[in-house]
Every structure is written in C-alpha cells, then in structure tokens.
There are 2 protein chains.
Amino acid sequence: MGDTTDEAGSADGAEDGTGTEHEAIMRATYRALCRHGAVDLTVQSIADEFEKSKSLIFYHYDSKEDLLSSFLGYLIARFETQVAVTENDDPAERLRETIDALVYGPDDHEAFQTAMLELRSQAAHNEVYREQFRTNDVYVLDLFEAMIEDGIERGVFAPVDPERTATMLLTIIDGARTRWVVLGDEAVLETAHGLLEEYLETTLYADADT
Amino acid sequence: MGDTTDEAGSADGAEDGTGTEHEAIMRATYRALCRHGAVDLTVQSIADEFEKSKSLIFYHYDSKEDLLSSFLGYLIARFETQVAVTENDDPAERLRETIDALVYGPDDHEAFQTAMLELRSQAAHNEVYREQFRTNDVYVLDLFEAMIEDGIERGVFAPVDPERTATMLLTIIDGARTRWVVLGDEAVLETAHGLLEEYLETTLYADADT
C-alpha cells in the first residue's frame, strides 16, 4: 500500500528530528522485511539496515512486535497521505485510483508482499499484529464506503449497499494479493484488476447514466 | 478443503497397507499442522502424532517439504472425492455445494487454516510448495469452469466467460479465507458467502429464467 518507500519521507515528520528518525527506522524495516521476510526478522536485522545509531531503534522499540506493529500503522498512514494527495472530485475516479493503489501500489514488490503475507499469517498467534491489521482493514473499508456513499448521493453511482460493496472490493483485492504471492504470477493482479472493473461496471456504474 | 480428517480415510487406499499408512501419515500431518503451525513444523512433530512406527514416516519422506507437498496433494484428492460423491445433476446446485465446501469445509478449523496461510506464504520461497499450490489452484479453477460451461450449455446459466467467472469465485474465496485468518472473525466467511451468492445472482443466474 501507499507510495514508494524512497519517496514517502517528505509527507510527515520532516520538520523535527523524531519524525525523521521514525521515518528512517520504518524504511529500514521495509528493507529488512524485503531481505529477510517476516518469519526470520529480528530487531538486529532491522538495525543492520539503519544508517544511524542502532541503539536508537532499541531505545524506541521494546520488541520486534512493537516495531512491526508500528510499521503496519506507518503503511496505512502513508496510504492515507497518498489518497489525500491524489484526491479527485469525481467519485468514480477516486475509487479507481484507490483500487489501483491497493492492487498495483509501488509496494507490490514481491519480496515485500511475501513478507506481508507472512506477517498476516502470524496475526492469528499475535494479538498486537491482529489489532493493527484490523485497524488498517477498517480504515480501507471506511474509505471505500465513504467514496461509494458520496457517489450515490451525487447520483453517479447506483444505490448499492456501500458496506457490502466495500467488503467485496477489499475481499477481491486481498484474494488477488494472496494468490499473487502464492502462485508467483503477476498476471493474477492484472486479471483481478479487470474483474474489479467488471464488477463495478455491473453494480456501482450500472445505473450511472440514468 | 474436503471432508473432515477423521472421516476421510475410507475413500481411498483402504484395501492395501500402503494406502492406510499414507492416510494415517496424512492425518498425523493434519494434527501436527493444527498443533504447531507450518513455520515450526518438523518431521519429528508429525511423527509424534503418528500411532504407528515413526520410522515409517522417515522411510516414505525425505524431508518436511516432501511430506507437506504430498499433504497438499492429499487435500485436493480428498476434495475431489467429496465433490464426486455429492455430484448433483443441477449445475447451480453443484456450484453452490462446491462453493460451500470451499468456504465452510470442515477443515475450516482456525488453527488449520492459519497453518495453511503460513504454508501459502512459504510458497514464494519454496518451489515444491508453489508447484503443488498451483496444481490445486488449476484443479479448482477447472472444476468451476466445467460446471459453469455445463450450466451455460444447458441454458440455465447466462453466457458468461467461464474462465473469468471461475477466477472471480476463487479470488473471493481466497480473499475471504485470508481475511478470516488475519482478522480472526468468523463473520468474514458468512459475509463472503453472501457476496458470492449476490455475485452469482447478478451474473450467472441473471438470465437463468429466460
């Protein structure tokens, strides 16, 4: 989700040392996840990717869980910034941009998405990760719902159930991301993107011209 | 996927010692996956769940990969048996039964599905698992496609693209299973089941009465 790691820093916290430090630690975490995956990740392997004093990481975070939970929060905050930046007045365009960001986001680096699926599978054993995944999930669902409601109110979307449609969109996206990592086939994302478009054509956009 | 582990044995291999042994090892693997997950699983932990001589497991399988790949093949074979047993002449009924088996199968024990998601996330690093997951994926897609084609030929389904519709169904099911494990919320499956129904109503069943 969200922007590329290398470009993401400028949006927040750049004005004070803490923000920049946090950003640098989050980038180190991204690199360590791509390099080691989530299963074998240690705080030390994140520290190894960090340019500044390694003790800073140990100062800010007590444990790997603490750090990775913060990283999951960082991902959704970045996504939030990206969605706000590209905010478009046309509800259909905004929905498309959001779907594109989720399906094709620059973070769809295979090594990173593999690490994310590993982290997701750990959620069942780790309430800290699960809580953060739930928070992120609710954020994206609410975002989709708000866009759909807006489009319905403006008369450009058919009067669907916003919550059900939002859940359908996110379920298809989650299924596509899982299938892509498991099957190792980029075409999965392209196909899913087309299926999402078709779904919207026959539901949300069905009465758009009436 | 498939039947409950305790009932699955009777379908194949019961007539010879090798089949029964294989079945017993597969059941031990199921129990070990539920108890330990896929990440920490060892051949020894599977042997610990096996009633017969443990050396038999080491005799049949060189490695954990070898055994787990065989287990993934066993899951799809059981599913195949189940689908064949419940074969219904009505294409819509058969499709519903297959979807139900995939969404709610008795194997949707949370600990087992968590282990399966862990195994799926390992596919990116393990070509043996990935190949078997691909084989299973193609099997289910082909099954859906054949049912949809059959329904179209008989004039009970609308003339959709069978391959795209099959992919949509499996993507939604995969998304629902991932979300269920990650979010730890059984309602995810119920909601996804309703969304699948709605999707079929507006696509496959759309012209079913004409």
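The structure we're discussing is the one just above.
No experiment lies behind these values; they were computed from the predicted model shown.

About the cut-offs
- Residues numbered from 1 in each chain as written.
- Chains lettered and ligands numbered in written order.
- Predicted model: local features only at pLDDT ≥ 70, side-chain atom pairs only at ≥ 80, totals over all residues.
- Heavy atoms only, no water.
- Helix = DSSP H or I, 4+ residues; strand = E, 2+ residues; numbered from the N terminus.
- Buried < 20%, exposed > 50% of the residue type's maximum accessible area, 1.4 Å probe, protein only.
- Contact = heavy atoms within 4.5 Å.
- Areas by Shrake-Rupley, 256 points an atom, 1.4 Å probe, with all protein chains shown as cover.
- Phe/Tyr/Trp six-rings, centres within 6.5 Å; stacked < 30°, edge-to-face > 60°.
- Salt bridge = Lys/Arg side-chain N within 4 Å of Asp/Glu carboxyl O.
- Core = buried A, V, L, I, M, F, W, Y, C linked by side-chain atoms within 4.5 Å.
- Buried area = accessible area lost by both parts, 1.4 Å probe.
- Polar contact = N/O pair within 3.5 Å; in protein donor to acceptor, adjacent residues only side chain to side chain.
- Nonpolar A, V, L, I, M, F, W, Y, C, P; charged D, E, K, R; others polar.
- Least-squares fit on C-alpha atoms with pLDDT ≥ 70 in both.
- 1 Å grid on protein atoms, 1.4 Å probe; cavity = no way out; pocket = protein on both sides within 12 Å on 5 of 7 lines; lining within 4 Å.
- Points joined across faces, edges and corners; volume = space filled by probe spheres on them.
- Axes fitted to C-alpha atoms, helices over the stretch in contact; angles between N-to-C directions.
- Parallel < 35°, antiparallel > 145°, perpendicular 65-115°, else oblique.
- Left-handed = near helix turned anticlockwise from the far one by under 90°.

So, the overall build of chain A
Okay, step 1: Per the secondary structure count, chain A includes 9 helices and 0 strands.
Okay, step 2: Moving toward the C terminus, one meets the helices and strands of chain A in the order α-α-α-α-α-α-α-α-α.
Okay, step 3: Within the span of chain A, comprising 210 residues, buried residues form 54% of the whole.
Okay, step 4: Sequence separation of at least 24 residues holds for 68% of the intrachain contacts in chain A that already meet a minimum separation of 6.
Okay, step 5: Surface accessibility of chain A: about 8,900 Å² in total, with carbon and sulfur atoms responsible for 49%.

What about the packing of aromatic side chains?
Residues and elements named next belong to chain B.
Okay, step 1: As enumerated under the stated definition, the model contains 10 aromatic pairs over all chains in all.
Okay, step 2: Arranged with centres 6.0 Å apart and planes meeting at 80°, the rings of phenylalanine 71 and phenylalanine 112 form a pair that is edge-to-face. Of this pair, phenylalanine 71 sits in helix α4 (residues 64–85) while phenylalanine 112 sits in helix α6 (residues 110–122); the two residues are 41 residues apart in sequence, bridging distant segments of the chain. In this structure, phenylalanine 71 and phenylalanine 112 share a single accessibility class: buried.
Okay, step 3: On the basis of an interplanar angle of 45° and a centroid distance of 5.8 Å, the ring pair of phenylalanine 157 and tyrosine 205 is categorised as tilted. Highlighted residues: phenylalanine 157 in the loop between α7 (127–153) and α8 (162–183) and tyrosine 205 in the segment after α9 (187–202), separated in sequence by 48 residues. Each member of the pair phenylalanine 157 and tyrosine 205 is classed as buried.

Points about the pattern of salt bridges
When charged atoms on two side chains of opposite charge get close, those side chains can pair.
Okay, step 1: Applying the stated rule across the entire model yields 36 salt bridges over all chains.
Okay, step 2: A salt bridge links Arg27(A) to Glu23(A); its shortest N-O distance comes to 3.3 Å. One end of the pair is Arg27(A) and the other is Glu23(A), both in helix α1 (residues 17–36) and 4 residues apart, which spans about a single turn.
Okay, step 3: The shortest N-O distance in the salt bridge between Glu110(B) and Arg130(A) comes to 3.3 Å.

A few points about the nonpolar core
Okay, step 1: Within the largest apolar cluster, 132 residues are counted, with the highest numbers of intra-cluster contacts made by Leu95(A), Phe144(A), Leu169(A), Leu95(B), Phe144(B) and Leu169(B).
Okay, step 2: Beyond its immediate sequence surroundings of up to four residues, Leu95(A) is in contact with Phe144(A), Met147(A), Phe157(A), Leu169(A), Leu200(A), Leu204(A) and Tyr205(A).

Describing the interface of chain A and chain B
By convention, interface size is frequently given as the accessible area that disappears when the constituent parts associate.
Okay, step 1: Across the boundary between the two partners, chain A contributes 35 residues, which contact 35 residues of chain B.
Okay, step 2: When the buried surface of chain A facing chain B is broken down by residue, Arg164(A), Arg179(A) and Val182(A) rank first, second and third, together holding 20% of it.
Okay, step 3: The interface formed by chain A and chain B contains 8 salt bridges.
Okay, step 4: The partner of Asp174(B) in a salt bridge is Arg179(A), with the nearest N and O atoms 2.9 Å apart.
Okay, step 5: Linking chain A with chain B are 17 residue pairs in polar contact (both at pLDDT 80 or more), by the criterion used here.
Okay, step 6: Ranked by the residues each element gives to the side of chain A that touches chain B, the list is headed by helix α8 (residues 162–183) of chain A, at 14 residues.
Okay, step 7: Tallied by class, residues from the side of chain A that touches chain B come to 15 nonpolar, 10 polar and 10 charged.

Looking at the relation of the copies chain A and chain B
Okay, step 1: For these two chains of identical sequence, chain A goes onto chain B by a turn of 180° and a shift of 0.0 Å along the axis, with RMSD 0.0 Å. Classification of the inter-copy transformation places it as that of a two-fold axis. No C-alpha of chain A approaches the rotation axis more nearly than that of Gly175(A), which lies at 1.7 Å.

Section: the layout of surface pockets
Okay, step 1: Looking at the largest pocket, its volume works out to about 360 Å³.
Okay, step 2: Looking at the largest pocket, it is lined by 16 residues, and the ones nearest its centre are Arg179(A), Asp185(A), Val188(A), Leu141(B) and Thr167(B).
Okay, step 3: Those elements that provide at least two residues to the lining of the largest pocket are α8 and α9 (187–202) of chain A together with α7 and α8 of chain B.
Okay, step 4: With 5 residues, α7(B) is the single largest residue contributor to the lining of the largest pocket.
Okay, step 5: Residue composition of the lining of the largest pocket, by class: 6 nonpolar, 3 polar and 7 charged.
Okay, step 6: Its boundaries defined by the atoms lining it, the second largest pocket holds a volume of some 240 Å³.
Okay, step 7: Lining the second largest pocket are 14 residues, with Leu141(A), Arg179(B), Leu183(B), Asp185(B) and Val188(B) positioned closest to its centre.
Okay, step 8: For the lining of the second largest pocket, the secondary-structure elements that each account for two or more residues are α7 (127–153) and α8 of chain A together with α8 and α9 of chain B.
Okay, step 9: For the lining of the second largest pocket, a count of residues per class yields 6 nonpolar, 3 polar and 5 charged.

As for the packing of helix α4 (residues 64–85) of chain A against helix α6 (residues 110–122) of chain A
Residue and element names in this part refer to chain A.
Okay, step 1: At a minimum axis separation of 13 Å, α4 and α6 run at an interaxial angle of 120°. The orientation of α4 relative to α6 falls into the category oblique. Where α4 crosses over α6, the two elements pack in a sense that is left-handed. Here Leu68, Phe71, Leu72 and Leu75 of α4 come into contact with α6, specifically with Phe112, Met116 and Leu119.
Okay, step 2: Of the residues that constitute the contact of α4 with α6, the class distribution is 7 nonpolar, no polar and no charged.

Any functional reading would require information beyond the geometric quantities listed.
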